[in-house]
Amino acid sequence: MHLRQELAGPAVGERDRAVDEQWTTSVLRLLVVLAVGLALAIGPQLARGMLPAAWALVATTSCYAVAQVAAARRGRVPLPPWLVTVVDGALVVVGCAWTGGAESVLVAALPLVAIAAALRGGAVAGRLGALALGAGFTAAAVLGSDATVPLGHRLLAGAWWSGFLVTFAVLVGVLVRMFERQVRTAEEERALRARLVATQRARIDGVRVVLHEFRTPVASLSALAGDLAAGRLDGPARDRAVALLADHATHLGDMLDGLADLAVADGSPLGRVRERTVVLAELADAVLDAAGVAPARRLATVEPPGAAVRADPQRLRRLLTNLVENAARHGGDAPVELALAWSDGLLTAEVRDRGPGLPAGQEGLVTAKGVALGERRGTAGLGLWIVEALVAAMDGELALVPRDGGGLVARLALPLPPA
């Protein structure tokens, strides 16, 4: 959908500009025709004895002008711009021939046609159009002037107007190029500002993500260090605490690497991908430990039991830890369920809780950056936004759905190859 919109955008813009141009030129054309009709009504002698033909031309041109105005009001462009310019030039030349030739009052409309040709066709087409218009007027001056006007005067008038129109077209082309250059410069400046803003946002987001992700392991490290220092852990519990300390150290190291990535290159605040073998059973234990879920509240299942995938372990852990932390925080004392299943290249994870769930219509809102439903401080509202960013970076899908009997199910699907 986004690609179709991007492709359709320029075409829609071109059509809108064509309609605006047609509206402006149609109104001007109608005003010129009305002015000519008023001039003929006040001074019939301007027709030089061809009053019926002149009025017929005014009537025909009026119908043409009104039709163009009506089409512009409906947002339609019935004729291509080059054909409109040709028709306008032909009508003006014929009008000059029927209203005095070299001495016709309609010569004032010739620059308008030359301007339109230069604007619509560009520099070369505008000059050629102005030259053709001058040649047409020269023919009109020779054939339509009164018999009392010398041939030399007719040719001189045609040559003068031809040179004037070409010069006019050249000047319009120069002004158009200057304007286009200014527009391009402005667009480049806007694009540069947009890139700078995006870069700054990426850096800020990177810092906020690191701050958010550091909070959980730092709190866990502090608690483990206190328990070890006080001698409250021994045997298997001590070994498990040491292993968790090592996991936290690796996690913090990868987060620092991600921050370093952001410092040397613009891009995602999630850092580079570092793929390793991930055993799902070990991942489930590490996630529940990192989220601080008490053993009595844990319920983890892995299918098949010995499944392992090839992925960035820290991204997977960050993603699932944020979901489990959210479930533990809102689930009260109820169990937090983490179910991992891998089959045919697809890892499916579900985090289930018995919390209050989400209000209707909030499923998409809570994954926006800075949105939090509870009392949060510091990097409030980043958890689920980080989850959604990680899921998108890993080409996965995340759904937050109500759970039967109350609570919420965070259902995640990630395409991951086997280890």
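These remarks concern the structure in this document.

Basis of the calculations
- Residues numbered from 1 in each chain as written.
- Predicted model: local features only at pLDDT ≥ 70, side-chain atom pairs only at ≥ 80, totals over all residues.
- Heavy atoms only, no water.
- Helix = DSSP H or I, 4+ residues; strand = E, 2+ residues; numbered from the N terminus.
- Buried < 20%, exposed > 50% of the residue type's maximum accessible area, 1.4 Å probe, protein only.
- Areas by Shrake-Rupley, 256 points an atom, 1.4 Å probe, with all protein chains shown as cover.
- Phe/Tyr/Trp six-rings, centres within 6.5 Å; stacked < 30°, edge-to-face > 60°.
- Patch = residues over 30% accessible without salt bridge, like charges linked within 9 Å, V, L, I, M, F, W, Y side chains within 5 Å.
- Salt bridge = Lys/Arg side-chain N within 4 Å of Asp/Glu carboxyl O.
- Lys, Arg positive; Asp, Glu negative; His and termini not counted.
- Charge placed at Lys NZ, Arg CZ, Asp CG, Glu CD.
- Axes fitted to C-alpha atoms, helices over the stretch in contact; angles between N-to-C directions.
- Parallel < 35°, antiparallel > 145°, perpendicular 65-115°, else oblique.
- Left-handed = near helix turned anticlockwise from the far one by under 90°.
- Contact = heavy atoms within 4.5 Å.
- Pairing = 2+ DSSP bridges.

**Digging into the overall build of the protein**
Logical step 1: Looking only at helices and strands, one finds 9 helices and 7 strands in the protein.
Logical step 2: Looking at the protein as a whole, 38% of its 419 residues are labelled buried.
Logical step 3: Here the protein displays about 22,300 Å² of accessible surface, and carbon together with sulfur accounts for 64% of that area.

**Description of the packing of aromatic side chains**
Logical step 1: If you walk through the whole model with that rule in mind, you get 5 aromatic pairs.
Logical step 2: Their ring planes at 80° and their centres at 5.3 Å tell us that tryptophan 160 and tryptophan 161 sit as a pair that is edge-to-face.
Logical step 3: The exposure class assigned to tryptophan 160 is exposed, which follows from its relative accessible area of 52%.
Logical step 4: We classify tryptophan 161 as buried; its relative accessible area is 16%.
Logical step 5: Between phenylalanine 164 and phenylalanine 168, the ring centres sit 5.6 Å apart and the planes meet at 35°, which makes this aromatic pair tilted. Of this pair, phenylalanine 164 and phenylalanine 168 both sit in helix 5 (residues 151-230), 4 residues apart, which is roughly one turn of the helix.

**What to know about a nonpolar patch on the surface**
Logical step 1: A surface patch of nonpolar side chains, about 340 Å² in accessible area, is lined by Leu171, Val174, Leu175 and Met178.
Logical step 2: Along the chain, leucine 171 turns up in helix 5.
Logical step 3: With a relative accessible area of 48%, leucine 171 lands in the partly exposed category.

**What about a positive patch on the surface?**
Logical step 1: On the surface, a cluster of positive charge is contributed by Arg127, Arg177, Arg181 and Arg184.
Logical step 2: Since its relative accessible area comes to 31%, arginine 127 is described here as partly exposed.

**Here we look at the packing of helix 7 (residues 280-290) against helix 8 (residues 313-330)**
Angle between the axes and distance between the axes are the two parameters that describe a pair of packed helices.
Logical step 1: It is at 9 Å that the axes of helix 7 and helix 8 come closest, and there the two elements cross at 50°. Considering their axes alone, helix 7 and helix 8 lie oblique with respect to each other. For the element pair helix 7 and helix 8, the recorded crossing hand is right-handed. Counted together, Leu283, Ala286, Val287, Leu288 and Ala290 of helix 7 and Leu316, Arg317, Leu320, Thr321, Val324 and Glu325 of helix 8 form the full contact between these two elements.

**Regarding the sheet that holds strand 6 (residues 397-402)**
Neighbouring strands of a sheet are bound in pairs by backbone hydrogen bonds; such pairs are parallel or else antiparallel.
Logical step 1: Taken in spatial order, the 5 strands line up as 2-4-5-7-6 in an open sheet, and their pairing is mixed. Where the open sheet ends on each side, the last strands, each with one partner, are strand 2 (298-303) and strand 6. Taking the axes of each pair of neighbouring strands and ignoring which way they run, one obtains an average angle of 10° across the sheet.
Logical step 2: Bridge analysis of strand 6 against strand 7 (residues 408-415) gives 6 bridges, and the strand direction is antiparallel. Across the sheet, residue alanine 399 finds its bridge partner in strand 7, namely arginine 411.
Logical step 3: Packed onto the sheet, helix 7 meets strand 2, strand 4 (336-343) and strand 5 (346-353) and runs at close to 160° relative to strand 2.
Logical step 4: Taken strand by strand, helix 8 contacts strand 4, strand 5, strand 6 and strand 7, and its axis lies near 20° from that of strand 5.

**Here's the deal with the pairing of strand 7**
Logical step 1: Pairing geometry for strand 5 and strand 7, over 8 bridges, is antiparallel. Each bridged residue has a counterpart across the sheet, and for valine 351 the counterpart in strand 7 is alanine 410.
Logical step 2: Between strand 6 and strand 7, which pair antiparallel in sequence order, lie 5 residues; one of them, glycine 405, sits at a positive phi of approximately 90°.

**Here's the deal with the pattern of salt bridges**
Logical step 1: Within the structure shown, the criterion is met by 5 salt bridges.
Logical step 2: Between arginine 352 and glutamate 350 there is a salt bridge whose closest N-O contact spans 2.9 Å.
Logical step 3: Under the relative-accessibility criterion, arginine 352 is labelled partly exposed at 22%.
Logical step 4: When the shortest N-O distance is used, the salt bridge between glutamate 350 and arginine 411 registers 2.7 Å. Of the two residues, glutamate 350 sits in strand 5 while arginine 411 sits in strand 7, which places them 61 residues apart along the sequence.
Logical step 5: Look at the salt bridges and you will find they share partners, linking Glu337, Glu350, Arg352, Arg403 and Arg411 into a network.

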